[in-house]
Amino acid sequence: MSLSRVDRTGKRPHRRSADLLARSTWSRDTGLVILMLAALVVVLGVPAALTWQGQRRRGSGRGVAAVAAVFFPVAWTVWYVADERPYGVS
């Protein structure tokens, strides 16, 4: 919307109305981005948090637990293999 246009009454539109229009579009898009980021945090954050907690319960330090949380699919695979055959017995 150009500020040089004239509305029906012959007056130029207020700059504030143009800014409000731009802000409302920005707010809708921002809300959608925030919603998608929240969904991503839940989908990836919950397994990572559970992995961190599980690694801490297995006796590892915070650094190892943080790395395990970042690479949680690998950590879960290692746990599965280690727990399935603890003594190498078939």
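Only a predicted model underlies this, so the values are computations on that prediction, with no experimental measurement involved. Position numbers for residues start from 1 in each chain and track the written sequence from start to end. Two thresholds apply to this predicted model, a pLDDT of at least 70 for residue-level local features and 80 or more for giving and counting side-chain atom pairs, whereas whole-chain, interface and lining totals are computed over all residues. Each side-chain value is worked out from all heavy atoms of the structure, with water and hydrogens disregarded.

(A) Representation of the overall build of the chain. Numbered from the N terminus, helices here are DSSP runs of H or I no shorter than four residues, and strands are runs of E no shorter than two. Scanning the chain from terminus to terminus reveals 3 helices and 0 strands. Only protein chains enter the accessibility calculation, which uses a 1.4 Å probe; a residue is then buried when its area is under 20% of its type maximum, exposed when over 50%, and partly exposed in between. Burial statistics for the chain: of 90 residues in total, 14% are counted as buried. In these tables, accessible area is a Shrake-Rupley quantity obtained with a 1.4 Å probe, and a residue counts as shielded only by the protein chains included in the view. When the accessible area of the chain is evaluated, it comes to approximately 7,800 Å², of which 65% is carbon and sulfur surface.

(B) Representation of the side chain of Gln-55 within the structure. By secondary structure assignment, the location of Gln-55 is in helix 1 (residues 15-57). Assessed through its relative accessible area of 12%, Gln-55 is described here as buried. Here a polar contact means two N or O atoms within 3.5 Å. Within protein one must be a hydrogen donor candidate and the other an acceptor candidate, and residues neighboring in sequence count only if both atoms are side-chain atoms. Of note is the side chain of Gln-55, whose polar atom sits 2.9 Å from the side chain of Trp-79. It only takes one pair of heavy atoms within 4.5 Å for two residues to be counted as in contact. Once you skip the residues sitting within four places of it in the chain, Gln-55 turns out to touch Ser-60, Val-64, Ala-65, Ala-68 and Trp-79.

(C) Helix 2 (residues 62-70), seen in detail. Looking at helix 2, one finds that the buried residues are Ala-65, Ala-68 and Ala-69. With its buried residues spanning 100° around the axis, helix 2 presents them on a single face. An arc is given here, and it is the one of the directions from the helix axis to the C-beta atoms.

(D) View of the packing of aromatic side chains. Between rings of Phe, Tyr and Trp, where Trp is taken as its six-membered ring, a pair exists when centres lie within 6.5 Å; planes separated by under 30 degrees are stacked, by over 60 edge-to-face, and by other angles tilted. Scanning all chains against the criterion turns up 1 aromatic pair. Residues Phe-72 and Trp-76 carry aromatic rings whose centres are separated by 5.7 Å and whose planes lie at 55° to one another, so their mutual orientation is tilted. With Phe-72 and Trp-76 both in helix 3 (residues 72-84), this residue pair falls 4 residues apart, about one helical turn. Look at Phe-72 and you get buried, because its relative accessible area is 14%. Take Trp-76: its relative accessible area is 41%, and that puts it in the partly exposed class.

(E) Spatial organisation of the pattern of salt bridges. Salt bridges, as used here, are contacts in which a Lys or Arg side-chain nitrogen is within 4 Å of a carboxyl oxygen on Asp or Glu. In this structure the tally under the stated criterion is 1 salt bridge. A salt bridge links Asp-83 to Arg-58, with the nearest nitrogen and oxygen atoms 2.7 Å apart. Residue Asp-83 is located in helix 3, and its partner Arg-58 is located in the loop between helix 1 and helix 2; the two are separated by 25 residues in the primary sequence.

(F) Focus on the side chain of Ser-60. Positionally, Ser-60 belongs in the loop between helix 1 and helix 2. Residue classification places Ser-60 among the buried positions, given a relative accessible area of 17%.

(G) Region of interest: helix 3. The first and last C-alpha atoms of helix 3 sit 18 Å apart over 13 residues, in line with the 18 Å expected at 1.5 Å per residue. Taken residue by residue, helix 3 has Phe-72, Ala-75 and Trp-79 as its buried positions. Burial along helix 3 is one-sided: seen end-on, the buried residues are contained in an arc of 55°. Facing away from the buried side of helix 3 by over 90 degrees, the exposed positions are Val-74, Val-78, Tyr-80, Val-81 and Glu-84. Multiplying 1.5 Å by the residue count of a helix minus one yields the expected span of that helix.

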